[in-house]
Amino acid sequence: MVAHYFIHRLAESVTEVPEVEPPDVFSIILASNKGSKMLLQEGDIAVDIDRSAIKCDGDTCRWSKNTTGIVNVPYTLSSDIKESSVSIIKTAMQEFETLSCVRFLPRTTESDFVQIIANSGCWSYLGKRGGGQPLSLPTECMGHGTVQHELNHALGFYHEQSRSDRDNYIDIILDNIILGTAVNFLKYDSNNLGLEYDYLSVMHYGRYAFSIEPNNLPTIIPKPISSVPIGQRYGLSTLDIAKINKLYQCGLCRGLLPNSTGSIISSNYPNNYPSTTNCVWLIRLPSNQIFLQFSAFDVQASPDCASDYLRIYDGPSQSAPLLLERG
C-alpha cells in the first residue's frame, strides 16, 4: 500500500468563526456577473446565441481519456490575469489532479482546450465544446471554490439543484425569486451517476440565489430538514469528487477530509488492503495546524518501507514539500 496525505492550507480560510457568514460560491458568481453581456443560463453557464438550452449528453461533451487512464484538459491563461490569480487557479487545478484522474495541463498543440480569460463576470461552457472554449475568471470572482465551480462546469457538470430528482431534496420557492429569473431553476434529465444528492456540493446554489431584494428571502429550502446548509465557498466536496471519478471512470482510491475533524480509513478496512493499492487523501485545513492520531496503523513489511508506506505532503499535490517522507 502507498498512502498519501496532503495537508492543504487554503489562503482564504479563517482560524475563527466569522460573525457574518461569508458569501457562498454562487453568491460571489452572481455578484460578479451583474451587467455581463454574455448569454448565460443558470447564472454562469455560457450558451451560444443559436442554442436555446444548455445540453451535455453521453460522451459528446466529455474530455477524452488517454491510454494510461488520464483525462487531460489542456488550457491557456490570458496574459491579463494577475499573477496572484494564476496561483489560485493552479492550486484549484491541483486538487483535481490529486483527487481524480483529471489533469489540467498547459496547452501545447491540442485543438480542443479551455481558454481562461478575465472577461465580464465568471462563467464557463458546459463540458467539452470543441476548439478553444472560453472560461472567464476575473479578479472579483477569484477564489478556490469559485475556480473549481467553473472548472467543474467545463468537465460537464450541471448545478446540483438542477438534478432530475431534486424535488425529493429541496423546495424551490417561486414567490421569492426575482421576476423573470425562475428559468434559472429548471430541472434537467440528468445522469445522477447513482450517487446521492449533495447539499454541500460546490455546484449547489446558495439558499438565497436570485432572491427578491431587499427582503433576502430564501429561494431554496432543503427538506425534510430546512436548516441543512446548502452552498459553500471552499471547494469540491467529497461527493463532487466521487461524481468526477465515476463520470470519467477513474477507478482510483481517493478521499477528502474537508472539515476540522474527521477520520480516514484505508481501502477494505478492517480487512487487509488490496495489493498495489495507491490511496490519496486530501485534508483541507481550516487553520495552520493539524493533529493526526492513529487508532490503528499496520502496513505490510518491506525493506526501508520500499513498497508499503505513508507519505505526508504540505500542500494539495505530490509536488508540495514533504512533511513525512515514509512512515
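Whatever comes next refers back to the structure up there.
Worth saying up front: this structure is predicted, and the values here are computed from it rather than measured. (Residues numbered from 1 in each chain as written. Predicted model: local features only at pLDDT ≥ 70, side-chain atom pairs only at ≥ 80, totals over all residues. Heavy atoms only, no water.)

Chemist: How would you explain the overall build of the protein if you had to name every residue and give the values?
Modeler: Check the secondary structure of the protein and you find four helices and 14 strands. Counting all 327 residues of the protein, 48% fall into the buried class. Long-range pairs, those at least 24 residues apart, make up 71% of the contacts in the protein with a sequence separation of at least 6. Carbon together with sulfur atoms contributes 51% to the accessible area of the protein, which is approximately 16,500 Å² in total. (Helix = DSSP H or I, 4+ residues; strand = E, 2+ residues; numbered from the N terminus. Buried < 20%, exposed > 50% of the residue type's maximum accessible area, 1.4 Å probe, protein only. Contact = heavy atoms within 4.5 Å. Areas by Shrake-Rupley, 256 points an atom, 1.4 Å probe, with all protein chains shown as cover.)

Chemist: Break down the nonpolar core for me, with residues and values.
Modeler: By size, the foremost hydrophobic cluster in this structure holds 53 residues, and its most contacted members are Phe104, Leu137, Leu155 and Tyr248. Among the elements that take part in this core, helix 2 (residues 83–99) stands out by supplying six residues, more than any other. Setting aside chain neighbours within four positions, we find Phe104 in contact with Val73, Tyr75, Met93, Phe96, Leu151 and Leu155. Core analysis: the next-biggest nonpolar cluster, separate from the first, contains six residues, Ile45, Cys56, Cys61 and Tyr188 among them. (Core = buried A, V, L, I, M, F, W, Y, C linked by side-chain atoms within 4.5 Å.)

Chemist: Can you tell me about the state of the cysteines, naming the residues and giving the values?
Modeler: A complete count under the given rule lists two disulfides for this structure. Each sulfur of the disulfide joining Cys253 and Cys279 lies 2.1 Å from the other. Sign of the S-S torsion, about 95° for the bond between Cys253 and Cys279, identifies this disulfide as right-handed. Of the two residues, Cys253 is situated in strand 11 (residues 253–257) and Cys279 in strand 12 (residues 278–285); the sequence distance between them amounts to 26 residues. (Disulfide = S-S within 2.5 Å.)

Chemist: Residues and numbers for the pairing of strand 8 (residues 132–136), please.
Modeler: With five bridges connecting them, strand 6 (residues 113–117) and strand 8 associate as parallel partners. Directly across from Phe113, in strand 8, lies its bridge partner Gly132. Relative to strand 8, strand 7 (residues 123–124) runs antiparallel, the two being bridged by two bridges. Within strand 8, the residue paired with Ser124 across the bridge is Leu135. (Pairing = 2+ DSSP bridges.)

Chemist: Which residues make up the packing of helix 2 against helix 3 (residues 144–155), and what values do they have?
Modeler: When two helices pack together, you describe them by how their axes are tilted relative to each other and by the distance separating the axes. At their nearest, the axes of helix 2 and helix 3 sit 9 Å apart, and the two run at 55° to each other. The orientation of helix 2 relative to helix 3 falls into the category oblique. In this structure, the crossing between helix 2 and helix 3 has a hand that is right-handed. Contact residues: helix 2 offers Ile88, Ile89, Thr91, Ala92, Met93, Glu95 and Phe96, while helix 3 offers His144, Val147, Gln148, Leu151, Asn152 and Leu155. Of the residues that constitute the contact of helix 2 with helix 3, the class distribution is eight nonpolar, four polar and one charged. (Axes fitted to C-alpha atoms, helices over the stretch in contact; angles between N-to-C directions. Parallel < 35°, antiparallel > 145°, perpendicular 65-115°, else oblique. Left-handed = near helix turned anticlockwise from the far one by under 90°. Nonpolar A, V, L, I, M, F, W, Y, C, P; charged D, E, K, R; others polar.)

Chemist: Talk me through the pattern of salt bridges; I want residue IDs and the actual numbers.
Modeler: Summed over the entire model, instances satisfying the criterion amount to 10 salt bridges. Measuring nitrogen to oxygen at the nearest pair gives 4.0 Å for the salt bridge that ties Arg103 to Glu97. A relative accessible area of 18% means that Arg103 is categorised as buried. Judged by its relative accessible area of 37%, Glu97 is partly exposed. Between Arg163 and Asp165 there is a salt bridge, and its shortest N-O distance comes to 2.9 Å. By the burial criterion, Arg163 is buried, and Asp165 matches it. (Salt bridge = Lys/Arg side-chain N within 4 Å of Asp/Glu carboxyl O.)

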